[in-house]
Amino acid sequence: MSEPGRTLPSCRTSAPSDRLARGVRYTGRLMCWSLATGMATAATDLVLETQATWWNALWPAPWYLTGLSIPLWALLRAREKAAQQSDGDDDFPEQLEKAA
């Protein structure tokens, strides 16, 4: 089992800032992978010049996903930065008093 006072990894609760950071990280990964997939499918379309009807509908899909993930990532990143900034504002006057 586990030592007294320790919790299992599945029992951990995450703070809202951790969840927000995880969302930013996953959305950033989605954005990067969809961009890479979009470039690969565009190159495949140029090189192979496929005539399949399903390919004409499939190859632009990663570009649409990239276009949707960019604003989502920007929104989540702005919220994350605002949350970090509001946490740091409380300590700033104390730092000024210590400096004086």
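Residues numbered from 1 in each chain as written. Predicted model: local features only at pLDDT ≥ 70, side-chain atom pairs only at ≥ 80, totals over all residues. Heavy atoms only, no water.

**Some thoughts on the overall build of the protein**
- Helices and strands together make up the secondary structure of the protein, namely 4 helices and 0 strands.
- The secondary structure elements of the protein, listed N-terminal to C-terminal, are α-α-α-α.
- Burial analysis of the protein (100 residues in total) assigns 17% to the buried set.
- Partitioning the contacts of the protein with sequence separation of at least 6, the portion at a separation of at least 24 is 73%.
- Of the roughly 8,100 Å² that the protein leaves accessible, carbon and sulfur atoms contribute 62%. (Helix = DSSP H or I, 4+ residues; strand = E, 2+ residues; numbered from the N terminus. Buried < 20%, exposed > 50% of the residue type's maximum accessible area, 1.4 Å probe, protein only. Contact = heavy atoms within 4.5 Å. Areas by Shrake-Rupley, 256 points an atom, 1.4 Å probe, with all protein chains shown as cover.)

**Notes on the packing of aromatic side chains**
- What the rule picks out here adds up to 1 aromatic pair.
- Judged by centre distance (5.9 Å) and plane angle (90°), the ring pair of Trp54 and Trp55 falls under edge-to-face. (Phe/Tyr/Trp six-rings, centres within 6.5 Å; stacked < 30°, edge-to-face > 60°.)

**A short note on the confidence of the model for the protein**
- Considering every residue of the protein, the mean pLDDT works out to 82; 71% of them sit at 70 or more.
- Here helix α4 (residues 92-99) stands out as the least confident element of the protein, with mean pLDDT 65; helix α1 (residues 16-48) is the most confident, with 91. (pLDDT = per-residue confidence, 0-100.)

**Things to note about a positive patch on the surface**
- Among the surface-exposed residues, Arg19, Arg22, Arg25 and Arg29 lie close enough to one another that they form a single positively charged patch.
- Along the chain, the position of Arg19 falls in helix α1.
- By relative accessible area, which is 47% here, Arg19 ends up partly exposed. (Patch = residues over 30% accessible without salt bridge, like charges linked within 9 Å, V, L, I, M, F, W, Y side chains within 5 Å. Salt bridge = Lys/Arg side-chain N within 4 Å of Asp/Glu carboxyl O. Lys, Arg positive; Asp, Glu negative; His and termini not counted. Charge placed at Lys NZ, Arg CZ, Asp CG, Glu CD.)

**Re a nonpolar patch on the surface**
- A cluster of nonpolar side chains, namely Leu35, Met39 and Trp63, defines an oily patch on the protein surface of about 260 Å² accessible area.
- By secondary structure assignment, the location of Met39 is in helix α1.

**Brief notes about the side chain of Thr66**
- Inspection of the secondary structure assignment puts Thr66 in helix α3 (residues 61-88).
- The class of Thr66 is buried, set by a relative accessible area of 5%.
- Not counting the four nearest positions on each side in its chain, Thr66 is found in contact with Met31, Ser34 and Leu35.

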